[in-house]
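Residue-level listing of the chains:
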Amino acid sequence: MGDVRVPRQLFLRGVAVAYLCAFASLYIQIPGLYGDEGILPARLLVAGEQKPLLQQLQESPSLLWLVPSLGLGPQQGLELICLLGALLSLGAVLLGALRDSLAYLCLWILYLSLYTAGGDFLHTECDSLLLEVGFLAFLVAPCGLLRSSTSPGLHDPVTFWLTRWLLFRLVLCTGLSKLASSDPCWWDLTALSRYYETQASPTPLAWYAHQLPDWLSRLGAVCVMASEIAVPLLMFFAPVRGLRICGFYIQVFLQLCLVLLGGCSLTHLLSVVLSFSLLDDDCFSGCTHQKKKPKSKTWSQFLLSCLALLVKLAVYVLILLGTIKLFKLEINWEQKIVLSKTNFTQENFSEFVSLIQAPTIWVGVLSLTWEAVVTMLRCACVRGIMGKLCALTQWAIFTATTVAVFTLSLVPYTAVAGVSAGKIFREVQNAYGAVEKYQLVSAYGIQHRMVPPAGRPEVIIEGSGDKKTWKELSFMHKPSSVSEAPPVLGPHKPRLDWLLWEAARADYQHSHWFTGLVQQLLLGKQDVLRLLQVDEAQYPFRVSPPAFLRASVYHYHFTQTGQDGNQPREWWKRLYVREFFPAVHLGDPVLEELLQEAGLKEKFPVLPISDTPLAQALSVLRGHARGHSGPLVLLTLFTTVASILLLKDLVSRSRTPKGPKPKSKPATSEHKSKKPREAHPEASEKNRGPSGRGGRKEGLEERRIDSDRSPRKRK
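Everything numeric here is computed off the predicted structure, so don't read it as measured data. (Residues numbered from 1 in each chain as written. Predicted model: local features only at pLDDT ≥ 70, side-chain atom pairs only at ≥ 80, totals over all residues. Heavy atoms only, no water.)

This paragraph deals with the packing of helix α5 (residues 101-118) against helix α6 (residues 125-140). Packing of α5 against α6 leaves a shortest axis separation of 8 Å and a crossing angle of 160 degrees. Regarding the angle of α5 to α6, the classification is roughly antiparallel. Crossing angle aside, the handedness with which α5 passes α6 is left-handed. Contact residues: Ser101, Tyr104, Leu105, Trp108, Tyr111, Leu112 and Tyr115 in α5; Asp127, Ser128, Leu130, Leu131, Gly134, Phe135, Ala137 and Phe138 in α6. Taken together, the residues of the contact of α5 with α6 break down into 11 nonpolar, 3 polar and 1 charged. (Axes fitted to C-alpha atoms, helices over the stretch in contact; angles between N-to-C directions. Helix = DSSP H or I, 4+ residues; strand = E, 2+ residues; numbered from the N terminus. Parallel < 35°, antiparallel > 145°, perpendicular 65-115°, else oblique. Left-handed = near helix turned anticlockwise from the far one by under 90°. Contact = heavy atoms within 4.5 Å. Nonpolar A, V, L, I, M, F, W, Y, C, P; charged D, E, K, R; others polar.)

What follows is the structure in structure tokens.
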């Protein structure tokens with residue numbers, strides 16, 4: 001690959017945007033999730049057995065252990081971590097000077113602290129992906145201590161290569177897990193038609209996509225698997241630049257479709273950010289530099305371009321013909337539809353996964369070796385002995401770090417599709433186990449969520465004052481009322497709503513946090529109620545909390561359009577399935593036993609809020625943020641950031657000096673001598689001789705005389 005300065009800057013800014021979304025979204029939800037009156041109080045983590053600080057940091061790496069020294073409680077400690085992360089990531093988005101390795105190291109440490117203390121609400125795949133991408137940003141970002149702003153690091157292509165390897169693992173493992181999990185919906189190609197309604201946060205556009213004909217949804221499922229399996233295998237590490245660029249556009253288009261149908265989650269955003277690793281500076285030459293005139297190619301360059309074109313065509317044809325054969329694509333000209341059906345078995349697919357695993361690792365090794373050798377040669381060409389020594393030292397350090405991260409990533413990569421990691425050296429597995437709690441590398445696609453064929457399962461909580469009349473507690477971020485349109489969340493991730501969506505697939509015994517939710521709802525804690533509804537008018541028990549609570553599981557389905565083609569009055573239709581949680585009340589022995597099992601019965605004293613300026617500032621900020629929904633806060637934040645970036649661009653353009661006007665050339669003696677001659681044209685005609693040697697000699701004599709008369713000559 002060529003230079004990667006522009007893609008690297010886009011990657012670093014994209015990671016900062018992802019951090020900003022994560023910190024800001026979580027800050028809004030902290031009181032209800034981890035507050036003293038929340039579902040899982042954070043004080044239960046720090047109020048246990050007192051241990052030495054270093055031992056606590058080693059066992060559970062989190063800055064939350066340092067909060068008591070600041071005179072803050074656990075809740076305010078989490079809020080402080082979120083605010084620091086949001087401010088630092090905001091600065092990295094707006095200011096290029098803050099896109100430094102030290103800043104990204106701080107962001108990674110801050111989010112790791114939240115991840116460690118977050119429990120079930122933060123132990124998701126997208127949080128692990130953000131930590132891994134954030135650690136790569138620390139390696140990719142320039143270090144102000146090692147180089148100046150005018151001398152970019154020559155080792156950038158080596159560390160930036162890790163982002164392409166992570167993109168390859170993420171996309172390929174996600175695609176393989178769809179079929180390796182034996183999900184019948186992906187094997188019969190009906191998953192996409194059911195995915196519209198069963199995904200975590202469907203948008204109103206997903207309802208319209210659900211109305212598409214079945215054959216088109218089947219064809220879409222084929223395209224999804226082809227873009228997640230064939231494209232990374234044949235394009236991401238291809239030596240032909242055009243194939244990598246094509247892979248970039250395919251991945252961005254796929255993520256854009258997923259965003260329009262299911263909201264902009266961290267996984268989609270980070271997938272787009274990682275896709276910049278497929279580009280180089282030449283892709284942006286038309287935007288950043290003036291276009292140069294094409295130079296004539298030599299025969300060798302012409303042959304190489306023809307060979308690259310043939311390779312691209314061969315890859316395109318291979319993907320097309322392979323997709324047609326493996327999924328038995330046929331065109332029915334009478335009905336004007338495309339028929340599709342899987343043309344391979346589970347055994348064939350397992351053999352394919354086992355077959356490609358070792359070659360893909362060796363392709364990664366060869367690609368990394370190429371980048372390392374090319375970068376070493378560049379470092380060797382630096383002027384001066386000290387310059388070469390410094391460049392080669394940096395190259396050695398960052399190359400060794402890159403090789404170490406790549407080696408660690410082989411452990412989760414070989415676990416894809418249930419393949420054993422026995423071929424990996426025992427030392428590598430031990431090293432991975434030692435750093436696993438830091439989320440340097442993670443496995444993706446292992447916990448594939450099977451598409452429920454019966455519909456979208458949802459936990460519906462109901463409250464009552466007399467155990468006879470039950471009222472449903474509606475949520476603002478997940479399907480509840482059948483007449484309400486699916487919400488548009490943007491990059492906001494409602495932790496409670498998403499965890500309820502996952503809990504509906506099993507029993508409440510697998511979700512111990514649900515007992516804490518029931519207890520706080522019975523107590524009527526406002527911080528928890530704001531997780532359900534920000535508008536108090538939408539909560540049926542705003543006057544007094546319910547005396548009894550119960551929960552049931554319903555299956556939700558999108559409604560169909562009417563015969564006239566118009567949208568019906570209701571977006572959803574639902575069917576009762578089973579009881580999820582029995583009816584309980586405060587002091588109920590069943591509830592007390594469940595709280596004891598969940599570890600929520602410990603009577604740890606609530607620390608009083610200190611009167612330090614820092615604690616007061618945090619309380620003021622929390623008071624201003626209270627009562628606002630997460631999507632509204634993030635929308636306001638991003639509107640502000642976009643406005644600042646736009647104003648910054650306009651100011652920089654206005655300050656850019658215009659090009660200097662071309663200066664007029666001073667009049668030469670020849671031009672000055674022409675004026676008197678032009679004043680007497682007749683005389684000049686008489687003195688002008690015939691054309692030939694004589695005329696030329698006379699002209700030379702006239703010029704010599706005029707030059708002798710010039711004022712410069714006189715001086």
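Next, the rest of the story.
Here the focus is the nonpolar core. Core analysis: the largest hydrophobic core is formed by 167 residues, its most contacted members being Phe11, Ile461, Leu496, Trp513, Phe514 and Leu521. Excluding residues that lie within four positions of it along the chain, Ile461 makes contacts with Lys471, Glu472, Leu473, Phe475, Phe514, Leu517, Leu521, Leu549, Arg550 and Ala551. (Core = buried A, V, L, I, M, F, W, Y, C linked by side-chain atoms within 4.5 Å. Buried < 20%, exposed > 50% of the residue type's maximum accessible area, 1.4 Å probe, protein only.)

Here 4 strands make up an open sheet; going across it, the order is β4-β3-β5-β6 and the pairing antiparallel. Each edge of the sheet is formed by a strand with only one pairing partner; in this case those strands are β4 (470-472) and β6 (572-584). Adjacent strand axes in the sheet meet at a mean angle of 35 degrees when their direction is disregarded. Sheet topology places strand β3 (residues 456-464) next to strand β5 (residues 548-558); 9 bridges connect them, and they run antiparallel. Bridging across to β5, Glu462 finds its partner in Arg550. Of the strands in this sheet, β3, β5 and β6 touch helix α9 (residues 191-198), which is tilted by about 145 degrees from β5. Along the sheet face, helix α20 (residues 513-523) touches β3, β5 and β6 and points at about 85 degrees away from the line of β6. (Pairing = 2+ DSSP bridges.)

The subject of this paragraph is the packing of aromatic side chains. To describe a pair of aromatic rings, you give the distance between the ring centres and the angle between the ring planes. On inspection of all chains with the given rule, the structure shows 36 aromatic pairs. Ring geometry for Trp165 against Phe406: centres 5.0 Å apart, planes inclined by 65 degrees, an arrangement best described as edge-to-face. Placement of Trp165 in helix α7 (residues 156-180) and of Phe406 in helix α17 (residues 385-414) is noted, with a sequence separation of 241 residues between them. Their ring planes at 70 degrees and their centres at 5.5 Å tell us that Phe168 and Phe237 sit as a pair that is edge-to-face. Taken as a pair, Phe168 in helix α7 and Phe237 in the loop between α11 (214-235) and α12 (241-262) lie far apart in primary sequence, 69 residues in all. The pair formed by Phe168 and Phe237 is uniform in burial state, with each residue classed as buried. An aromatic cluster of three or more residues is present, and its members are Tyr34, Phe121, Tyr508, Trp513, Phe514, Phe580 and Phe581. A cation sits over an aromatic face here: Lys478 above Phe475, 4.9 Å from the ring centre. Across from the ring centre of Tyr554, 4.5 Å away, lies the NZ or CZ of Arg574, which sits over that ring. (Phe/Tyr/Trp six-rings, centres within 6.5 Å; stacked < 30°, edge-to-face > 60°. Lys NZ or Arg CZ within 6 Å of the ring centre and 35° of its normal.)

Our next topic: the packing of helix α4 (residues 74-94) against α5. Interhelical geometry of α4 versus α5 gives an angle of 150 degrees and a closest axis separation of 10 Å. Looking at the two axes, α4 sits roughly antiparallel to α5. Judged by the sense of rotation from one axis to the other, the crossing of α4 with α5 is left-handed. Contacts between α4 and α5 involve Leu78, Ile81, Cys82, Leu84, Gly85, Leu88, Ser89 and Ala92 from the former and Ala103, Tyr104, Cys106, Leu107, Leu110, Ser113 and Leu114 from the latter. By residue class, the composition of the contact of α4 with α5 is 12 nonpolar, 3 polar and no charged.

Now for the side chain of Ser201. Tracing the sequence through the fold places Ser201 in the loop between α9 and α10 (204-210). Residues contacting Ser201, with those up to four places away along its chain left out, are Leu261, Gly262, Gly263, Leu489 and Trp498.

The next subject is the confidence of the model for the chain. Residue-level pLDDT values for the chain average 85, and 84% of them are 70 or greater. Below pLDDT 50 for its whole length, residues 667-698 participates in 9 contacts with residues either more than four positions away or in separate chains. In this model residues 710-715 is a low-confidence stretch, pLDDT under 50, and it forms 4 contacts with partners more than four residues away in sequence or in other chains. (pLDDT = per-residue confidence, 0-100.)

Each regular strand shows side chains that alternate between the opposite faces of the sheet. Burial of β3 is extensive: 9 of the 9 residues sit out of reach of the surface. Burial along β3 is two-sided: Arg456, Glu458, Ile460, Glu462 and Ser464 and Pro457, Val459, Ile461 and Gly463, pointing in opposite directions, are all buried. Judged from the 3 bridges that link them, β3 and β4 form a sheet pairing that is antiparallel. Each bridged residue has a counterpart across the sheet, and for Glu462 the counterpart in β4 is Glu472. Here β3 hands over to β4 after 5 residues, with Lys467 in that stretch at a positive phi of 65 degrees.

Next up on the list: unusual backbone geometry. Positive phi values are uncommon outside glycine, yet Gln439 reaches one of about 55 degrees. Assignment of secondary structure puts Gln439 in the loop between α18 (426-435) and β3. For Gln439, a relative accessible area of 11% corresponds to the buried category. You will see that Lys467, though not glycine, has its phi angle at about 65 degrees, which is positive.

Where nonpolar side chains cluster on the molecular surface, the patch consists of Leu205, Tyr208, Leu256 and Leu260 and spans about 380 Å² of accessible area. When contributions to the nonpolar patch are tallied by element, the ones reaching two or more residues are α10 and α12. Counting through the fold element by element, Leu256 comes out in helix α12. The exposure class of Leu256 is partly exposed, given its relative accessible area of 47%. (Patch = residues over 30% accessible without salt bridge, like charges linked within 9 Å, V, L, I, M, F, W, Y side chains within 5 Å. Areas by Shrake-Rupley, 256 points an atom, 1.4 Å probe, with all protein chains shown as cover. Salt bridge = Lys/Arg side-chain N within 4 Å of Asp/Glu carboxyl O.)

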